[in-house]
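Remarks on the overall topology
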Amino acid sequence: MSPPLRGGDPRPVLVGGGSGRLGRLVVAGLLAQGVRVRVLSRQSTLAAHLAQAGVELSQGELAEPGTLQRALSGVRAAFLLSPISPDLAQHQRHFVQAARQAGVPRLVKLSGSAWTLSPAGRTWSGDAHRQVEQALADSGLPHAVLRPNAWAQVVLAPLAAALRAGDVLSGGFGPAQVSYIDIRDIADVAVHTLLSPGPLPTAPLELTGPEALSHAELAQRLSALAGRPIRWQASAPAPAPDHPSYLQQVHAQFHHWISTGVAAPVTATVAQTLGRPARRLDGPDGFLRELLATGGLRGHGVD
Ligand SMILES: NC(=O)c1ccc[n+]([C@@H]2O[C@H](COP(=O)([O-])OP(=O)(O)OC[C@H]3O[C@@H](n4cnc5c(N)ncnc54)[C@H](OP(=O)(O)O)[C@@H]3O)[C@@H](O)[C@H]2O)c1
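Residues numbered from 1 in each chain as written. Predicted model: local features only at pLDDT ≥ 70, side-chain atom pairs only at ≥ 80, totals over all residues. Heavy atoms only, no water.

Structural notes on the site of the ligand
Worth spelling out the cut-off: We call a residue near a molecule or strand as soon as one heavy atom of that residue lies within 4 Å of the molecule or strand. Counting of polar contacts relies on pairs of N or O atoms within 3.5 Å, with two restrictions inside protein: one atom must be capable of donating a hydrogen and the other of accepting it, and residues adjacent in sequence are counted only when both atoms are side-chain atoms. Areas reported as accessible are Shrake-Rupley estimates using a 1.4 Å probe. Residue values count occlusion only from the protein chains shown.
Near the ligand, the surroundings consist of 29 residues, among which Ser19, Ser41, Arg42, Glu61 and Ser82 are the closest. Ser41 is positioned with one of its side-chain polar atoms (N or O) 2.6 Å from an oxygen atom of the ligand. Between the ligand and Ser82 there is a distance of 2.7 Å, counted from an oxygen atom to a backbone nitrogen or oxygen. Within the complex, the protein chains bury 86% of what would otherwise be the 940 Å² of accessible surface of the ligand.

This is how it looks when you write it as structure tokens:
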């Protein structure tokens, strides 16, 4: 017998980006609540385990608005996520328009880190996300915006290779601290916000981890967990390529601003939303332990 649908609502939740790093955790969280899930993807098939779990595929392309109507029809809620690209704003505005036409009752948008959006002009991706936030506000759709800070499982992924190579971390953002968030906490907040019967938050939810750490402090935490010396060595950033891609330029913008300390502030939003503290990187099931145990990111479907 299938588990009860939370809230008894038989309509599916559409997850945009449901095959990606964060989206697949949102899918798993919704399935764990016994909710019907529909994934928007450009692919013609779903991963076998998702198909077996009863997840529906709605094949669609954000660049082609005509493909989004079907995906959004009859849903109880929708999650909007797409990767950073020069087309992010246009793609996501297509999704907002289609959601408005379909009368989607609740939409949750995954936006950029708060410091990328404000002040305007700081980063290209932040400007694009802000345009979409504005389109959502103008649409009149019931919606919420999540602005997660730097994701531990993505931004700190290079630590895995450093640990395999010999317990010396490099890179990082000089002495600047970052309140990295565990990607599982973002997914938990997304699932909560998609399903909660209560009113939607009126202001963007700025999500961070419970503390801010520099790379030198990360090395100290790793040493304590591993019981062996792991150190951080400052290194010059890799030289910029002659013809950087759009994504390389956005990453250079991130690196510049994070190095000034803008990603250090800590918010209590995860705890206030979920009623439990945000995951610590060195907590019992924290990212740093997993990094030491598995060399990185296996186990959460993050690569
Ligand atoms: N990493 C961070 O620290 C951080 C911090 C704050 C915010 N963010 C935000 O996180 C987002 C990226 O999330 P992620 O890393 O989970 O993404 P990801 O792993 O790159 O996944 C991208 C997803 O988008 C789908 N997709 C891509 N292009 C599409 C298109 N044209 N039409 C329909 N679907 C499309 C892909 O599906 P298919 O391939 O199956 O079609 C895939 O499921 C960005 O918006 C970024 O600004 C990231």
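Notes on the sheet that holds strand β8 (residues 205-207)
Put simply, the test is: Here, strands pair whenever DSSP counts at least two bridges between them. Working definition: helices are DSSP H or I runs of at least four residues, strands are E runs of at least two. Numbering for both runs from the N terminus. Helix axes are fitted to C-alpha atoms over the stretch in contact, other axes to C-alpha atoms as well, and angles between N-to-C directions run from 0 to 180 degrees. Contacts are assigned to residue pairs with any non-hydrogen atoms lying within 4.5 Å of each other.
Taken together, the 7 strands give an open sheet; going across it, the order is β3-β2-β1-β4-β5-β6-β8, and neighbouring strands pair in parallel fashion. In the strand order of this sheet, the two ends are held by β3 (56-59) and β8, each with one partner. Neighbour-to-neighbour, the strand axes of this sheet turn through a mean angle of 20 degrees, independent of strand direction. Sheet topology note: the strand β4 (residues 77-80)/strand β5 (residues 107-110) ladder contains 3 bridges and is parallel. Across the sheet, Phe79 pairs through a bridge with Val108, a residue of β5. In the packing of helix α4 (residues 88-102) onto the sheet, contacts are made with β1 (13-16), β2 (37-41), β4 and β5, and the angle to β4 comes to roughly 170 degrees.

Thoughts on the pairing of β5
Short version of the rule: In this scheme, a residue with accessible area under 20% of its type's maximum is buried, one over 50% is exposed, and one in between is partly exposed, where area comes from a 1.4 Å probe on protein chains only. With its strands directed away from the observer, a crossover is right-handed exactly when the path from the first strand over the helix to the second travels clockwise.
The two faces of β5 match: Leu107 and Lys109 on one face and Val108 and Leu110 on the other face are all buried. For the crossover that starts at β4, traverses α4 and ends in the parallel β5, the hand is right-handed. Summarising the sheet, β5 and strand β6 (residues 143-148) pair through 4 bridges and their orientation is parallel. The partner of Lys109 across the bridge, within β6, is Val145.

Here's the deal with the nonpolar core
Note the cut-off: Among the buried residues, those of types Ala, Val, Leu, Ile, Met, Phe, Trp, Tyr and Cys that are joined through side-chain atoms within 4.5 Å form a nonpolar core.
With 35 residues, the main nonpolar core has Leu22, Val26, Leu30, Phe79 and Leu146 as its most contacted residues. Mapped onto this core, the elements with two or more residues apiece are β1, α1 (23-32), β2, β4, β5, β6, α9 (183-195) and β8. With 8 residues, the top contributor of residues to this core is α9. Setting aside chain neighbours within four positions, we find Leu146 in contact with Phe79, Val108, Lys109, Leu110, Ser111, Ile186, Val189, Ala190, Thr193, Leu205 and Leu207. Residues Leu159, Ala160, Ile230 and Ile258 belong to the second largest nonpolar core, which totals 26 residues.

These figures come from the coordinates and say nothing about function on their own.
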